[in-house]
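# A look at the structure
What follows is each chain in one-letter form.
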Amino acid sequence: MKSEIRDVDDVRIIELSGKITIGSGDVKLRELVDGSLEEGQNNILIDLAGVTAIDSSGIGEMVACYTTVTKRGGQLKLLRLSPKINDILHVTQLITVFDVLDNVQEGLAAFK
Amino acid sequence: MDSADGRTGRRRRRRRVRARSDPSHPTPIPADGPLHAHLVLSSRFENIEIAERALIDLCEDAGFSGDDSYWIVTALREATANAIRHGNKQDPEKTVIIDFRVHSGEVRIRVEDQGEGFDLDTVPDPTDPGYLLRPSGRGIFYMRQFMTRVEFSRAPGGGTVVEMTRRLGAETRSSINEE
């Protein structure tokens, strides 16, 4: 999994690409979110447009990150789901947990 | 399913070379179908990629659609990850034995670990509101969503065997294939 980070106003945008899967992508995701919180960036927008696969460990880590950020008083939202990632969020019913936005503009506005 | 195509034939021969017989394997899927692979992997997460590549190759040979292949591979990854993490406790000395077989428009996958087994009844439904925010426990759910049939049993040595089938074009428990 590859990642790119940028900050827009008080929102940290984490762009992910590749696989969020057990033993690598899931660990990296946790490190990226923990790093953001340590830097005081509690509003996190995870851009999944380039993500090709997310296994149950990746989904689990996403949920764990959501819980951690929420407990810190921040917000974690998802941006630009591919059709297959969208399918997975629906079957796991996690689509009811995450706020999902279609583009960066909407994503940034959702934190205001 | 069989083909006189030279490329497919070469691929099939390569797979046979890669495949390794395992005399300790108690109930191997018979290799009577035209597309069959047998893998013996040490319990490392990076080896999931090897299983994935082998299955993708087989699915391409069989002419599966991209969607079918994607969800079959997703289920394979879950079964293999469970075998490595929960079954073999990531002990690299223990192996995960995987069989793929394509026959009559369906794919069968068998994954066996060398762990101590588990009680399926203790695995909660991860979509239950009380469990929705749990960070783990979705692997079996994934398998059941994306495959037509999923069955668990105990290997003679005590480990877990999961056998999964997906019929091509068949509806699974998820609505994904209806789209």
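Residues numbered from 1 in each chain as written. Chains lettered and ligands numbered in written order. Predicted model: local features only at pLDDT ≥ 70, side-chain atom pairs only at ≥ 80, totals over all residues.

## Some points on the overall build of chain A
Counting its secondary structure elements, chain A contains 4 helices and 5 strands. Going from the N terminus to the C terminus, chain A shows its helices and strands as β-β-α-β-α-β-α-β-α. The C-alpha atoms of chain A give 13 Å as radius of gyration, which agrees with the globular expectation for 112 residues (13 Å, within 12%). Dimensions of chain A, computed from C-alpha atoms along their principal axes, come out at roughly 30 × 25 × 25 Å. Residues classed as buried in chain A amount to 45% of the 112 residues present. The contacts of chain A with a sequence gap of at least 6 include a subset with a gap of at least 24, amounting to 71%. (Helix = DSSP H or I, 4+ residues; strand = E, 2+ residues; numbered from the N terminus. Rg over C-alpha atoms; globule rule 2.2 N^0.38 Å. Buried ≥ 20, exposed ≤ 12 C-beta atoms within 10 Å, placed from the backbone. Contact = placed C-beta atoms within 7 Å.)

## Things to note about helix α4 (residues 139–146) of chain B
Here α4 of chain B lies mainly inside the structure; 6 of its 8 residues are buried. Those residues of α4 of chain B that fall on the buried side of the exposure criterion are G139, I140, Y142, M143, Q145 and F146 of chain B. Contacts made by the buried residues of α4 of chain B are with α2 (56–71) and α3 (83–91) of chain A together with α3 (66–87), β4 (149–154) and β5 (160–167) of chain B.

## Comments concerning the sheet that holds strand β2 (residues 11–20) of chain A
Residues and elements named next belong to chain A. Strand order across the open sheet formed by 5 strands is β1-β2-β3-β4-β5, with mixed pairing between neighbours. Two strands lie at the open edges of the sheet, namely β1 (2–8) and β5 (100–101), each paired on one side alone. Judged from the 5 bridges that link them, strand β3 (residues 43–54) and strand β4 (residues 75–79) form a sheet pairing that is parallel. Paired with I46 across the strands is L78, a residue of β4. Its contacts with the sheet put α2 on β2, β3 and β4, and the angle it makes with β4 is roughly 140°. (Pairing = 2+ DSSP bridges. Axes fitted to C-alpha atoms, helices over the stretch in contact; angles between N-to-C directions.)

## Some points on α3 of chain A
Buried residues of α3 of chain A: I85, D87, I88, L89 and V91 of chain A, and no others. At its buried positions, α3 of chain A is contacted by β3 and α2 of chain A together with α4 of chain B. One or two steps after α3 of chain A, the chain reaches Q93 of chain A, where phi turns positive at roughly 65°.

## A look at the sheet that holds β4 of chain B
Residues and elements named next belong to chain B. Pairing within the open sheet is antiparallel, and its 5 strands lie in the order β1-β2-β3-β5-β4. Edge positions in the sheet fall to β1 (35–42) and β4, since each has one partner strand and no second. Averaged over all pairs of adjacent strands, the angle between their axes in this sheet comes to 10°, without regard to strand direction. With 6 bridges connecting them, β4 and β5 associate as antiparallel partners. From the neighbouring strand, E151 faces β5, where its bridge partner is E163. Across the sheet, helix α2 (residues 47–62) touches β1 and β2 (95–103), and the angle it forms with β1 is around 175°.

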